[in-house]
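Remarks on the overall topology
Listed here are the chains, written in short residue letters.
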Amino acid sequence: MSVVSDTETNASDAEKKYSGAKSTASTNLSSLSTRIVRASLKAGRNPADVLLVAISKAHTVERIRETLSAGHRAYGENRIQEALQKWPALKSDYPDAQLHLVGRLQTNKVRDAVALFDVIETLDRPRLAAKLAEEMSRQSRHLPCFIQVNTGEEPQKVGISPKDADLFIQACRVEYGLNIHGLMCIPPRNEESAVHFAFLREIARRNDVASLSMGMSADFETAIELGATHVRLGTAVFGERPIKP
Ligand SMILES: *Cc1c(COP(=O)(O)O)cnc(C)c1O
């Protein structure tokens, strides 16, 4: 079996492999699972506490089906429109598939999002919290939410500012009655992601928030070391995303 040798390759070899024709998403998933187990054990953590969320944005239904039939169940999409085209059919074939929203949610798409997704990872502002609360009661679908924190305070990036995070978490719980399951971040491109992961973990700790969605293809092992419970892997699973026409 190739599982052992896959895990022996270093990151850059592994990256080349992702885009290779031989490598399929399901074999990538099995070697990534091995790496997640190793990183968890190395950090003294239970591997069962880390969920691989396969980010299937820009990939076709056929590619996703391949991983569903191999047994993978946790997925993420970043656009409502695209998810609506791909996922109703997939979910009817795999009712236990769990779909995470990992992209910005506009308030006018909240109804569709609550109906289709199982986890909202990008709650980032009071107006959205209010809208989600209203829509979740209307549909009786009380989805777990992650609050996205803009740990790098980048003006172009969404996410609540770290200085407002404590109050916002409190308001989401008390005022809006939302199920705040975790925090999520996307570190700035050119910065050490470990600093941002540790920062997010600290905000979660002092607010008693259970889960941390952090770490992508390039840095998920670091994220696991720093407490990630959800790693969001796109390229590492499916290869490079096709370029949009
Ligand atoms: C696309 C995306 C990912 C996956 O990124 P990769 O580098 O391809 O693993 C993770 N999180 C979010 C929010 C994304 O939009």
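Above: the structure in question.
Right, let's walk through the structure included here. (Residues numbered from 1 in each chain as written. Predicted model: local features only at pLDDT ≥ 70, side-chain atom pairs only at ≥ 80, totals over all residues. Heavy atoms only, no water.)

**Here we look at the nonpolar core**
W87, L123, L132 and I147 are the most contacted members of the largest nonpolar core, which has 62 residues in total. In contact with I147, not counting residues within four places along its chain, are E121, L123, I160, F168, I169, C172, I180, G182, L183 and M184. (Core = buried A, V, L, I, M, F, W, Y, C linked by side-chain atoms within 4.5 Å. Buried < 20%, exposed > 50% of the residue type's maximum accessible area, 1.4 Å probe, protein only. Contact = heavy atoms within 4.5 Å.)

**Observations concerning the pattern of salt bridges**
As enumerated under the stated definition, the model contains 15 salt bridges in all. Two residues, R141 and D118, come together in a salt bridge whose shortest N-O distance is 3.7 Å. Highlighted residues: R141 in the loop between α7 (126–139) and β5 (144–148) and D118 in the loop between α6 (110–116) and β4 (119–123), separated in sequence by 23 residues. What makes R141 partly exposed here is its relative accessible area of 26%. (Salt bridge = Lys/Arg side-chain N within 4 Å of Asp/Glu carboxyl O. Helix = DSSP H or I, 4+ residues; strand = E, 2+ residues; numbered from the N terminus.)

**Describing the packing of aromatic side chains**
Counted according to the given criterion, the structure contains 1 aromatic pair. With a centroid separation of 5.1 Å and an interplanar angle of 50°, the aromatic rings of Y75 and W87 are classed as tilted. Of this pair, Y75 sits in strand β2 (residues 74–77) while W87 is found in helix α5 (residues 80–93), placing the two residues 12 residues apart along the sequence. Residues Y75 and W87 agree in their burial class; the two are buried. (Phe/Tyr/Trp six-rings, centres within 6.5 Å; stacked < 30°, edge-to-face > 60°.)

**A word on helix α9 (residues 193–207)**
A rise of 1.5 Å per residue sets the reference length of α9, with its 15 residues, at 21 Å; its end C-alpha atoms lie 21 Å apart and thus fit the reference within 8%. Against α8 (162–174), β6 (179–184), β7 (211–213) and α10 (220–225) lie the buried residues of α9. In the segment just after α9, D208 is the residue with positive phi, at about 60°. (Expected span 1.5 Å × (residues − 1).)

**With respect to α7**
Residues three or four positions apart in an α-helix share a direction because the helix packs 3.6 residues into each turn. Helix length check: α7, at 14 residues, gives a terminal C-alpha distance of 20 Å against a target of 20 Å (1.5 Å per residue), a fit within 8%. Turning to α7, its buried residues number three or more, namely L128, A129, L132, A133, E135 and M136. Contacts made by the buried residues of α7 are with α6, β4, β5 and α8. Phi turns positive, to about 50°, at S140, one or two residues after α7.

**Some details on the site of the ligand**
The environment of the ligand is formed by I55, K57, V102, M184, I186, M216, S217, R232, L233, G234, T235 and R241. One of the side-chain nitrogen or oxygen atoms of K57 is found 2.6 Å away from an oxygen atom of the ligand. Take T235: an N or O atom from its side chain is 2.5 Å from an oxygen atom of the ligand. In isolation the ligand has 390 Å² of accessible area, and contact with the protein removes 88% of it. (Near = heavy atom within 4 Å. Polar contact = N/O pair within 3.5 Å; in protein donor to acceptor, adjacent residues only side chain to side chain. Areas by Shrake-Rupley, 256 points an atom, 1.4 Å probe, with all protein chains shown as cover.)

**Notes on the environment of R38**
By the secondary structure assignment, R38 is in helix α3 (residues 25–42). A C-alpha to C-alpha distance of 8.9 Å links R38 and E221, two positions 183 residues apart in sequence.

**Focus: unusual backbone geometry**
A positive phi angle, near 70°, is found at A58, a position not held by glycine. The residue D208 is not glycine, and still its phi comes out positive at about 60°. Locating D208 in the fold gives a position in the loop between α9 and β7. By relative accessible area, which is 66% here, D208 ends up exposed.

Scope: geometric values only; no functional claims are made or implied.
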